[in-house]
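Commentary on secondary and tertiary structure
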Amino acid sequence: MQKSFNTFILSGLLMASGVTYAEVEQCYVPVSVPSSPTTQQWREINHLLSPQLENCLQSSDYFSLYGASLLYLGDVKMAIEMLERSLLIDPNNGSAQVDYAQALYQSGQLLSALQINAQAIEQASIPPLLKEVLKQRQDLWESQKYLWRNQFSYLYGHSSNLNNATYIDDYELTVLGFDFPVNLSDSYRQKSGNYHYFRLFSQHYSLLTEGVSALSFSAQTRDSNLNKSDTDEFTIAYERNIEKLHFSYHWELEAEHVRLGDEGLYSSFGGSYTLTPRNSISYLRLESSHTHFNSDHTLDDVSFMLEPGILLSDESVRWGANLGLGINSALEDRPGADRNIKQLETFLDLPLLTGRLTTKLSITKTEDNEGYHPWLANNTPRNTKAWAANIQYLYPISKDLTVHASYYYRDQESNIDLFNTKNESIDLGFTYKF
């Protein structure tokens, strides 16, 4: 009696949604589904199938249709799981392959989607008309393995220290054992003001069998009423991510040239290598760089940094932290000689309202190995401690246009007062992708 009542209720649901069902040991799976179900029909099919999971553990058709309903209702993660179970029971289930490829594509797994879609095309059970659609989908997805990504950003903001100068009014020189107070001229103190910031970024993205690679170009400039402190930066970078069975590897090479005012300031070349165990929240990064200063070669240096870190993320929230230990080695006889570096960074990225909020906090300590100058602080080695905080909110207007606002604060203290600096800035702008 109970079985007949259940059958009657299921029949009513199916008739309301325009589908019929097949009965196999109390596992009820619709056998006639509209070629293009509406969202409401997918919802009704989902409501019908969801309670039957325990009764349909051996039905490939059940998991195939249940996974499809989840996919077209927006639950891609669960859809992938259900469709995988369908294919584990019957690897040749063409319907499950078609939807599984789509689910993988929507989750960002393009190469896997291409592989499954190619298998579906070869299935004899796929109707000729659908096979042509799958071939068109294959061509479209293949073209997405190689993409140009371009974007333009503009910011308008205010900075309390456009020239990144000290905020002290005077300091002491020690000559022949005597201290002499020196008053800093106005041109060497920090200057505040408004600025415009422009950035053009272009990247060629390639999806490879074992990962991805990207070649990037960027040019950025700042324009303010303190032109001699404005910078122009030009960067070219190549990076590659490789996925292996037990580890993922990421390496990057970057060359940069920076102009200060109307003259070249420095050029640098560097690289990084990151090793991440699979299914782990930890990683290890090694960075190195060489900087060549155009007008003062005594400042030329080579830097090395070792950064162990952790990264936690789910579908919407990302949190990470890393500890950096490094050395900045002088190539010439510069003041202070080599410099030891310790750095702690943490960030949090999470959704807020309909946008995203990103926060970053860092603490950096440096210690020179030799005295900075006989006339400053009795030639003691220079030490600095700086902490910086950045908060940014991004609000998407459309898929191509995002507006954003940010606040930045940095405070550096040193045992040599001349190197005490503070900077506070706030800006508002947009990024347009094309």
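Residues numbered from 1 in each chain as written. Predicted model: local features only at pLDDT ≥ 70, side-chain atom pairs only at ≥ 80, totals over all residues. Heavy atoms only, no water.

Despite not being glycine, Ala377 has its phi angle at roughly 50 degrees, a positive value. Secondary-structure assignment places Ala377 in the loop between strand E15 (355-371) and strand E16 (381-396). Under the relative-accessibility criterion, Ala377 is labelled partly exposed at 29%. Notably, Asn378 is not glycine yet its phi reads approximately 55 degrees, a positive angle. Residue classification places Asn378 among the exposed positions, given a relative accessible area of 58%. (Helix = DSSP H or I, 4+ residues; strand = E, 2+ residues; numbered from the N terminus. Buried < 20%, exposed > 50% of the residue type's maximum accessible area, 1.4 Å probe, protein only.)

Checked against the element boundaries, Glu263 lands in strand E10 (residues 263-277). The exposed category is assigned to Glu263, whose relative accessible area is 58%. Spatially, the C-alpha atom of Glu263 lies 9.2 Å from that of Ser295, the residues being 32 residues apart in sequence.

Summarising the sheet, strand E11 (residues 282-293) and strand E12 (residues 301-313) pair through 10 bridges and their orientation is antiparallel. Opposite Arg285, over in E12, you have Glu307 as the bridge partner. Both E12 and strand E13 (residues 318-330) contribute to a ladder of 11 bridges, which runs antiparallel. Looking at the pairing, Phe304 lines up with Ile327 of E13. Between E12 and the antiparallel strand that follows it, E13, lie 4 residues. (Pairing = 2+ DSSP bridges.)

To continue, consider the packing of helix H5 (residues 94-106) against helix H6 (residues 110-121). Interaxial distance between H5 and H6 falls to 8 Å at its minimum, and their mutual angle equals 165 degrees. As summarised for this structure, H5 and H6 are arranged roughly antiparallel, according to the angle between their axes. Regarding H5 and H6, the two cross each other, and that crossing is left-handed. Residues Gln97, Val98, Tyr100, Ala101, Leu104 and Tyr105 of H5 lie in contact with H6, whose contacting residues are Leu110, Ser112, Ala113, Ile116, Asn117, Gln119 and Ala120. Classifying every residue of the contact of H5 with H6 gives 9 nonpolar, 4 polar and no charged. (Axes fitted to C-alpha atoms, helices over the stretch in contact; angles between N-to-C directions. Parallel < 35°, antiparallel > 145°, perpendicular 65-115°, else oblique. Left-handed = near helix turned anticlockwise from the far one by under 90°. Contact = heavy atoms within 4.5 Å. Nonpolar A, V, L, I, M, F, W, Y, C, P; charged D, E, K, R; others polar.)

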